[in-house]
Amino acid sequence: MKGVSTIIRVVVCGAAGRMGSEVVRTVSREDGMELVGAVDRHNLGVDVGVLAGVGPLGVMVSDDLEGVLVSTQPDVMVDFTTPTSVAANARTALRAGVRPVIGTTGMDPNDLADLGRLSAELRVGTVVAPNFAIGAVLMMKFAEMAAKFFPAVEIIELHHDQKLDAPSGTALRTAEKISLARGDYRQNTRSAVATLEGVRGGCYDGGIRIHSVRLPGLVAHQEVIFGGLGQTLTLRHDSISRESFMHGVVLAIHRVMGLEEMVVGLENLIFE
Ligand code: NAD
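Being a predicted model, the structure only gives us computed values, none of them experimental.

> Can you explain the overall build of the chain? Please cite residues and give values.
When its secondary structure is counted, the chain shows 9 helices and 12 strands. For 272 residues, the compact-globule estimate of 2.2 N^0.38 gives 19 Å, and the C-alpha radius of gyration of the chain, at 19 Å, lies within 12% of that figure. Seen along its three principal axes, the alpha-carbon backbone of the chain occupies a region of about 60 × 40 × 35 Å. The buried share of the chain, reckoned over its 272 residues, is 51%. Relative to all contacts within the chain whose residues are 6 or more apart in sequence, the contacts with residues 24 or more apart total 68%. Once the 25 positive and 31 negative side-chain charges of the chain are each reduced to a mean point, those two points are 3 Å apart.

> Quick one: what's the story with a nonpolar patch on the surface, residue by residue and with numbers?
A contiguous nonpolar patch, built from Ile134, Leu138, Phe142, Met145, Ile270 and Phe271 and spanning about 490 Å² of accessible area, is present on the exposed surface. Locating Met145 in the fold gives a position in helix α6 (residues 134–147).

> Outline the domain arrangement of the chain, listing residues and values.
According to the domain assignment, the chain contains domain 1 (8–128) and domain 2 (134–240). Here the C-alpha centroids of domain 1 and domain 2 sit 28 Å apart. Opposite the 7 residues of domain 1 that make contact, domain 2 presents 9 residues. Here domain 1 and domain 2 share an interface that buries about 590 Å² over both sides, 57% of which is from carbon and sulfur atoms. Sorting the residues of domain 1 by area buried against domain 2 places Arg18, Thr105 and Pro109 first, and these three jointly supply 62% of that buried surface. Linking domain 1 with domain 2 are 0 salt bridges, by the criterion used here. Residues of the side of domain 1 that touches domain 2, tallied by class, amount to 3 nonpolar, 3 polar and 1 charged.

> I'd like to hear about the site of the ligand, residue by residue, with values.
The environment of the ligand is formed by 25 residues, the closest being Met19, Asp40, Thr105, Phe132 and Lys163. In the environment of the ligand, an oxygen atom lies 2.5 Å from a nitrogen or oxygen atom belonging to the side chain of Asp40. At 2.8 Å, a backbone N or O of Phe132 approaches an oxygen atom of the ligand. Across the complex, the protein chains shield 85% of the 860 Å² of accessible surface that the ligand would expose by itself.

> So what's going on with the packing of helix α3 (residues 65–72) against helix α4 (residues 86–95)? Residues and values would help.
Put simply, α3 and α4 touch, their axes get as near as 10 Å, and they point 30° apart. With respect to α4, the element α3 is oriented roughly parallel. Viewed along their axes, α3 and α4 form a crossing whose handedness is right-handed. Every residue of α4 that contacts α3 at Leu65, Glu66 and Leu69 is listed here: Asn89, Thr92 and Ala93. Tallied by class, the residues present in the contact of α3 with α4 amount to 3 nonpolar, 2 polar and 1 charged.

> Tell me what's going on with the nonpolar core, and back it up with residues and numbers.
The biggest cluster of nonpolar side chains holds 55 residues, and the ones touching the most others in it are Val78, Val101, Phe132, Ile178, Val224, Phe226 and Ile253. Domain assignment of the residues forming this core places at least three in each of domain 1 (8–128) and domain 2 (134–240). Leave out the neighbours within four places in its chain, and Phe132 touches Phe80, Val101, Ile102, Gly103, Ser244, Phe245, Gly248, Val249, Ala252 and Leu266. By size, the runner-up hydrophobic cluster in this structure holds 12 residues, among which are Val86, Ile102, Leu118 and Met262.

> Give a detailed account of the sheet that holds strand β12 (residues 262–264), specifying residues and quantitative values.
Spatially, the 7 strands line up as an open sheet ordered β3-β2-β1-β4-β5-β6-β12, and their pairing is parallel. This sheet does not close on itself; its edge strands, each paired only once, are β3 (61–62) and β12. Across the sheet, helix α5 (residues 109–122) lies against β5 (99–102), β6 (126–128) and β12, angled at about 145° from β12, the strand it touches most.

About the cut-offs
- Residues numbered from 1 in each chain as written.
- Predicted model: local features only at pLDDT ≥ 70, side-chain atom pairs only at ≥ 80, totals over all residues.
- Heavy atoms only, no water.
- Helix = DSSP H or I, 4+ residues; strand = E, 2+ residues; numbered from the N terminus.
- Rg over C-alpha atoms; globule rule 2.2 N^0.38 Å.
- Buried < 20%, exposed > 50% of the residue type's maximum accessible area, 1.4 Å probe, protein only.
- Contact = heavy atoms within 4.5 Å.
- Lys, Arg positive; Asp, Glu negative; His and termini not counted.
- Charge placed at Lys NZ, Arg CZ, Asp CG, Glu CD.
- Patch = residues over 30% accessible without salt bridge, like charges linked within 9 Å, V, L, I, M, F, W, Y side chains within 5 Å.
- Areas by Shrake-Rupley, 256 points an atom, 1.4 Å probe, with all protein chains shown as cover.
- Salt bridge = Lys/Arg side-chain N within 4 Å of Asp/Glu carboxyl O.
- Domains from an automatic or database assignment.
- Buried area = accessible area lost by both parts, 1.4 Å probe.
- Nonpolar A, V, L, I, M, F, W, Y, C, P; charged D, E, K, R; others polar.
- Near = heavy atom within 4 Å.
- Polar contact = N/O pair within 3.5 Å; in protein donor to acceptor, adjacent residues only side chain to side chain.
- Axes fitted to C-alpha atoms, helices over the stretch in contact; angles between N-to-C directions.
- Parallel < 35°, antiparallel > 145°, perpendicular 65-115°, else oblique.
- Left-handed = near helix turned anticlockwise from the far one by under 90°.
- Core = buried A, V, L, I, M, F, W, Y, C linked by side-chain atoms within 4.5 Å.
- Pairing = 2+ DSSP bridges.

Below, the structure is given as structure tokens:
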């Protein structure tokens, strides 16, 4: 594993995407961090700073993650790619001694468990967070508290229409926390999520219904609605811009430097 230097060297995987561009802008402006590499399948050879609108950074987009890790010797790889690419990217990083900070959602639970084992075995820290926005993390925490008092609950998650996975990682994580708090959690596997015919969404352990709305104009939003005798309780969080995730990403980049295993959920870095 790379030594802990004062300046954290960061590679962004998925650097040409919506979240990746936001991370490029953030890391390039952040004291104590340096953007040293950018990986994507698109915009190859283009200066990633120009792509992200912050002017040339001298870091060109490459599609060769392994080559970039070898040539730039980063401390951390931030991944905002796709459900089908993320696990392989993280394995490549871990084997190169580079700490993954993963924001990509929709990863297969078996891959997640496998990454956890690899991270611990190699003693290279990993952070996986389905939502880096502090407001969303608090919403999940409050939902966990309310779950003990309101047995009936449904989740409505609303995202932009380009999102690949449904239900969202945040909705699944919220359902998992509610289910754990109520004591009807069975297993954290995708088989616990059944897609309901005719709608986009799913049904989690304990019968928690998740409704997934996909529309242009949205970023990332979620309502958790609890129903009880003569009353309802609604928790709602809105990410109205992708900047909402950046404080959490920066925090995770700093914190992963001190980890030797995988931590799942930003809450496990901020509510210890
Ligand atoms: P996007 O489609 O805009 O960007 C994904 C980028 O990854 C694309 O540029 C694509 O070319 C690139 N890519 C695909 N496979 C790749 C590979 N193997 N190597 C390198 N690059 C590759 O998507 P987005 O809106 O930026 O979202 C990315 C992910 O982040 C999604 O899974 C989304 O759900 C998740 N997300 C997480 C959070 C969070 O807080 N954790 C917040 C928002 C979005």
